[in-house]
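Geometric and topological summary
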Amino acid sequence: AHRSTTLFSVSAGKAPTDDFSADMLKALASRPRYLSPKHFYDEQGSSLFDQICELPEYYPTRAELSLLKLHAQEIAEFLGKDVEIVEFGAGSQQKIQLLLDAMDTPHCYVPIDISGSHLAAAAETLQRRYPELDVRPVVGDYTSPLRLPAMHRNCDRRVGFFPGSTIGNLCPSEALTFLKQARHLLRGGGLLLGVDLIKDPAILHAAYNDSQGVTAAFNRNVLIRANRELDANFEINAFAHSAFFNAPLQRVEMHLMSLRSQRVRVCDQTFSFAQGETLHTENSHKYTVDGLRSMAVKTGFELGPVWTDAQNQFCLCWLQI
Ligand code: AVJ
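Note that the structure is predicted; figures quoted are calculated from it, not measured. (Residues numbered from 1 in each chain as written. Predicted model: local features only at pLDDT ≥ 70, side-chain atom pairs only at ≥ 80, totals over all residues.)

Points about the overall build of the chain
Which entries qualify depends on this criterion: For the purposes of this entry, the term helix denotes a DSSP run of H or I that reaches at least four residues, the term strand denotes a run of E that reaches at least two, and both are numbered from the N terminus. We take the radius of gyration over the C-alpha atoms and set the globule estimate at 2.2 Å times the residue count to the 0.38 power. With C-beta atoms placed from the backbone, a residue is buried if 20 or more other C-beta atoms are within 10 Å of its own, exposed if 12 or fewer are, and partly exposed between those counts.
Regarding its fold elements, the chain presents nine helices and 15 strands. In summary, the chain has a C-alpha radius of gyration of 20 Å against a globular reference of 20 Å for 321 residues, a match within 12%. Considering only C-alpha atoms, the chain reaches an extent of 60 × 45 × 35 Å along its principal axes. Each of the 321 residues in the chain was classed as buried or not, and the buried ones make up 37%.

Right, dumping it as structure tokens:
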């Protein structure tokens, strides 16, 4: 029998993706100018991100996939039997499949994502591959409060999966808020979290300044998106990709830097950029295992096993409730 999936929406009224114009106008009107990286992921941006994951310099995706492959059996034991898996984001089909394949008859999978179209397509694909699995996609922003549909009848606890070091996009206080909410949603289970680790700044720098310029194109794409969707007139070549490791704040920052003094129109409003002024487009926080332990403890979790690679590039950790 072929199941089909139904999209649940947990947003309060408006579509969560409608925030692009409001967020862009707010970013341009404030100082420093900061725009959330969630706006990178239109169709073109998602495809550029997939290309980033294949770059020789961008190690995190490969490192996490090999950890998942190597430790799938052991991880599956921590996830347990008769669990509902909640994934924060629905980015990678490959990662969740590695988990599902290692588990003993998983009953239910609940991916949460702000992009309804991306989510629906991903959920349908997974449903076809796992006909016995109940796939229940939820459209929503997991960085704001949300409620989930009632737990699947055959499940007795909920476990979370938050891969890709996406938690790195949150600043430390937002990460704590996220973990508190996750702990509340996941009562009874735990959270499998994938996090990029602090390392040689040269390696970090290369990962966000690849030689083929794919990361630069990914960064600039948000301006192309604004030109198309927000009736803006950014001159794409007048903004440079700038990415660097901010050591005191333990994060890689990405910016779009104005190469000259210029004016830009967005939705009938005009903004000026001085030469060298930037639109800050992403933070990618890096952690230490000790830092993760202290975040876990502050949010009511206990840090369980931590799986890392030989070079300590990336870690998967189990946060136990
Ligand atoms: C998807 C947020 C984990 O921070 O490394 C990749 C996004 N930005 N290259 C990251 C990203 C530039 C990525 N995350």
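The discussion continues.
Description of the site of the ligand
Note the threshold: Here, nearness is defined through the C-beta atom: a residue counts as near a molecule or strand if that backbone-placed atom lies within 6 Å of it. Charged residues are taken to be Asp, Glu, Lys and Arg, nonpolar residues to be Ala, Val, Leu, Ile, Met, Phe, Trp, Tyr, Cys and Pro, and polar residues to be all remaining types, Gly included.
The environment of the ligand is formed by Ile52, Pro60, Gly164, Ser165, Thr166, Gly168, Asn169, Tyr208, Thr215, Glu282 and Ser284. Among the residues making up the shell around the ligand, the classes are represented as three nonpolar, seven polar and one charged.

Topic: the packing of helix H2 (residues 43-53) against helix H8 (residues 214-229)
What counts is decided by this rule: The axes used here are C-alpha line fits, helices contributing only the stretch in contact, and every angle between their N-to-C directions lies in the interval 0 to 180 degrees. With respect to orientation, any angle under 35 degrees is reported as roughly parallel, any angle over 145 as roughly antiparallel, any angle of 65 to 115 as roughly perpendicular, and every other angle as oblique. Note on contacts: residues are paired as contacts if their backbone-placed C-beta atoms lie within 7 Å.
Running from N to C, H2 and H8 point in directions that differ by 170°, and their axes come no closer than 9 Å. Here H2 is positioned roughly antiparallel relative to H8, judged by the angle of their axes. For the pair formed by H2 and H8, the contact residues are Gln44, Gly45, Leu48, Phe49, Gln51 and Ile52 on the first element and Val214, Thr215, Ala217, Phe218, Asn221 and Arg225 on the second. Here the contact of H2 with H8 is built from residues that sort into six nonpolar, five polar and one charged.

A closer look at the nonpolar core
Where we set the bar: Joining buried Ala, Val, Leu, Ile, Met, Phe, Trp, Tyr and Cys residues through C-beta atoms within 7 Å gives a set, and that set is a nonpolar core.
Formed by 51 residues in total, the largest nonpolar core has its most connected members in Leu191, Leu192, Leu193, Val195 and Cys317. Tallying contributions element by element places strand E15 (residues 314-320) first for this core, with six residues. Discounting chain neighbours no more than four positions away, the residues touching Leu193 are Phe162, Ile167, Cys317 and Leu319. Ranked by size, the runner-up nonpolar core spans 18 residues in total, among them Leu28, Leu223, Ala226 and Val264.

As for the sheet that holds strand E10 (residues 251-258)
We count it as follows: Paired strands, in this sense, are two strands between which DSSP finds at least two bridges.
A sheet is described by the order of its strands in space; here four strands give the open sequence E2-E13-E10-E9, paired in mixed fashion. Taken across any chain shown, the strands that pair with only one partner, and hence form the sheet edges, are strand E2 (33-34) and strand E9 (239-246). Across the sheet, H8 is in contact with E9, E10 and strand E13 (278-285); its angle to E9 comes to roughly 120°.

Describing the UniProt feature "domain: Histidine-specific methyltransferase SAM-dependent" (unreviewed entry) in the chain
The line we're drawing: UniProt positions are given in the numbering used here, feature names are shortened, and annotations may be inferred rather than shown by experiment.
Mapped onto this structure's residue numbering, the UniProt feature "domain: Histidine-specific methyltransferase SAM-dependent" (unreviewed entry) falls at residues 21-320. Along residues 21-320 the backbone is 37% helical and 26% strand, and the end-to-end C-alpha distance reaches 39 Å.

Points about the pairing of E9
Relative to E10, E9 runs antiparallel, the two sharing eight bridges. The residue bridging His241 from the neighbouring strand is Leu256, located in E10. The turn joining E9 and E10, which pair antiparallel and follow one another in sequence, is formed by four residues; a positive phi near 55° is taken by Gln250.

Focus on unusual backbone geometry
Residue Pro32 follows Arg31 across a cis peptide bond; omega there is -5°. Within the secondary structure, Pro32 is located in the loop between helix H1 (19-29) and E2. The backbone of Cys267 shows a phi angle near 45°, a positive value even though the residue is not glycine. Relative to the helices and strands, Cys267 resides in the loop between strand E11 (262-266) and strand E12 (269-273).

Let's talk about the packing of helix H3 (residues 60-79) against helix H4 (residues 93-102)
As a reminder, the rule being used: In a left-handed crossing the near helix is turned counterclockwise from the far helix by less than a right angle, and in a right-handed crossing that turn is clockwise.
The interhelical angle for the contact between H3 and H4, taken along N-to-C directions, is 25°, at an axis separation of 8 Å. Relative to H4, the element H3 is oriented roughly parallel. The chirality of how H3 crosses H4 is right-handed. Packed against H3, whose contacting residues are Leu65, Leu68, Lys69, Ala72, Gln73, Ile75 and Ala76, the element H4 presents Gln94, Lys95, Leu98, Leu99 and Ala102 at the interface. Residue classes in the contact of H3 with H4 are distributed as eight nonpolar, two polar and two charged.

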